[in-house]
Amino acid sequence: MSEQKNNYSRVELLSPAGDIERLKCALMYGADAVYLAGTAFGMRAGANNFTHEQLAEGVKLAHSTGAKVYVTCNTIPRNDEIDALPDFLQKAADAGVDAFIIADIGVMRLAQKYAPDVHIHISTQAGVANYATANEFYNMGASRVVLARELCFEEIASLRAKTPSALEIETFVHGSMCVSFSGRCLLSSYMTGRDANRGDCAQPCRWKYYLTEEKREGQQFEIFEDNGTHILNSRDMCMIEYIPRLVECGITSFKIEGRAKSAYYTAAVTNAYRQAIDGYYANPSSDYRPDEVILEEMRKVSHREYSTGFYLGGQPGQVLSNGGYVREYKVAGMVESCGEGILTLSQRNKFRTGDTLDIMPPHAKPFLLKISEMYDGDGNSIESAPHAMMTVKIPYSGEQIPNGTFVRIRS
């Protein structure tokens, strides 16, 4: 095949939706598409996920904004699960979903039989790492491949040049990384009985390990490294500073990981990438870099130490010192209304007069608001807002802030 360029005028921003609240946040903050799971066959059993009724509601909401909905059907099902697939696929198709994300060839064939009008996207779980495999999936009827996370820029560009321009290419650009190849791990199954390849990973790669000797029961010997012993704990990926290279190597869709993460995470990361992508297209340049205030958003969400994954070659590396997250900010509240000189919030975490709120409006840069006075829902002056979901009113004379906007505070 001759070398071809991406035939899409703009890349797609694809955000995670672990439930209907997260779906609404993704849409509000600028996602072009969302990916989600039904109550079965998805790779995030820990997320709330969607019933058939919620799926229909979610698709209707997304389509009303011009966004698409992709349903994950990317577990490796066993024999006793196959009989339930036709009904699942047909109901998802009836709900109007735009694509299934699939890893298993048998599931792919069932989808083509029972939901023939729904596009098929090949999951990263399939480990597509070369153009021959991508072309074969295309010949089998797939409209998109989600590439293995282990590829570098040059490999992606080469794959793009040797595949049909009609085949869409999706890659992860942000979120958790897995210590195993494209997430195909058995460690959780061995250690806890929870099968990562059926959406139930216990994440033992994030645990701290000790050495024991079989005849010395109860004795644990710490395994020393310079910086710690969480030797399997991969860094998170963050590619927001590399949008020109991602676009230039022919990627169709930028995917954010995190269906099991919070609604705030979905909103904040989607908002940052939306502005970064729009900024690039407003003035396309190979040396484009998002404004510092957008880059700063990356540390305002819960995350492990960041890396560029495998994109630049080499390895993303591990966070050896611990298995947890960096959390510098927390959600103070949500905007209920804004007008007539008053900003009304529904409280989520305690704040008080004298604190500085960090307001994150959709499609706009965040800004700070110092609280000099505030009132409860009855108009009584208060010094602090200690009760979850309480109504708080703050004098405000700035630009209009949409309802549902997240308001943060430094932890």
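Calculation notes
Residues numbered from 1 in each chain as written. Predicted model: local features only at pLDDT ≥ 70, side-chain atom pairs only at ≥ 80, totals over all residues. Heavy atoms only, no water. Axes fitted to C-alpha atoms, helices over the stretch in contact; angles between N-to-C directions. Helix = DSSP H or I, 4+ residues; strand = E, 2+ residues; numbered from the N terminus. Parallel < 35°, antiparallel > 145°, perpendicular 65-115°, else oblique. Left-handed = near helix turned anticlockwise from the far one by under 90°. Contact = heavy atoms within 4.5 Å. Nonpolar A, V, L, I, M, F, W, Y, C, P; charged D, E, K, R; others polar. Pairing = 2+ DSSP bridges. Core = buried A, V, L, I, M, F, W, Y, C linked by side-chain atoms within 4.5 Å. Buried < 20%, exposed > 50% of the residue type's maximum accessible area, 1.4 Å probe, protein only.

(A) Representation of the packing of helix α4 (residues 85-95) against helix α5 (residues 105-114) in the model. Axis separation between α4 and α5 bottoms out at 9 Å; the angle between their running directions is 55°. Accordingly, the angle class assigned to the pair α4 and α5 is oblique. In this structure, the crossing between α4 and α5 has a hand that is right-handed. Judged by residue contacts, Leu-85, Pro-86, Leu-89 and Gln-90 of α4 engage Val-107, Leu-110, Ala-111 and Tyr-114 from α5. Residues of the contact of α4 with α5, tallied by class, amount to 7 nonpolar, 1 polar and no charged.

(B) A look at the sheet that holds strand β22 (residues 406-410). Reading across the sheet, the 8 strands line up as β17-β16-β22-β13-β14-β21-β18-β19 and stay open at both edges, with antiparallel pairing between neighbours. One side of each edge strand has no neighbouring strand; the edge strands of this open sheet are β17 (367-370) and β19 (381-382). Taken together, the 3 bridges between strand β16 (residues 356-360) and β22 define a ladder with antiparallel strand orientation. What sits directly across from Asp-358, in β22, is Arg-408.

(C) Summary view of the nonpolar core. Counting 95 residues, the largest nonpolar core has Phe-100 and Phe-406 as the members making the most contacts within it. Considering every element that reaches this core, the biggest residue donor is helix α10 (residues 263-282), with 12 residues. Not counting chain neighbours up to four residues away, the residues in contact with Phe-100 comprise Val-71, Leu-89, Ala-92, Ala-93, Ala-111, Ala-115, Val-118, His-119, Ile-120 and His-121. One finds Ala-332, Leu-343, Ile-371 and Met-374 within the second-largest nonpolar core, a separate group that totals 20 residues.

(D) The arrangement of unusual backbone geometry in detail. A positive phi angle, near 55°, is found at Glu-340, a position not held by glycine. Assignment of secondary structure puts Glu-340 in the loop between β13 (329-339) and β14 (342-347). Take Glu-340: its relative accessible area is 85%, and that puts it in the exposed class. Its identity is not glycine, yet His-363 carries a phi of approximately 60°, on the positive side. Along the chain, the position of His-363 falls in the loop between β16 and β17. Classification of His-363 as partly exposed rests on a relative accessible area of 47%.

(E) How the structure looks around the pairing of β16. In terms of burial, β16 is largely enclosed, as 4 of its 5 residues are buried. As paired elements, β16 and β17 share 4 bridges and run antiparallel to each other. The partner of Thr-356 across the bridge, within β17, is Lys-370. Where β16 folds back on β17, the antiparallel hairpin that results is connected by 6 residues, among which His-363 adopts a positive phi of roughly 60°.

Keep in mind these values describe shape, not function.
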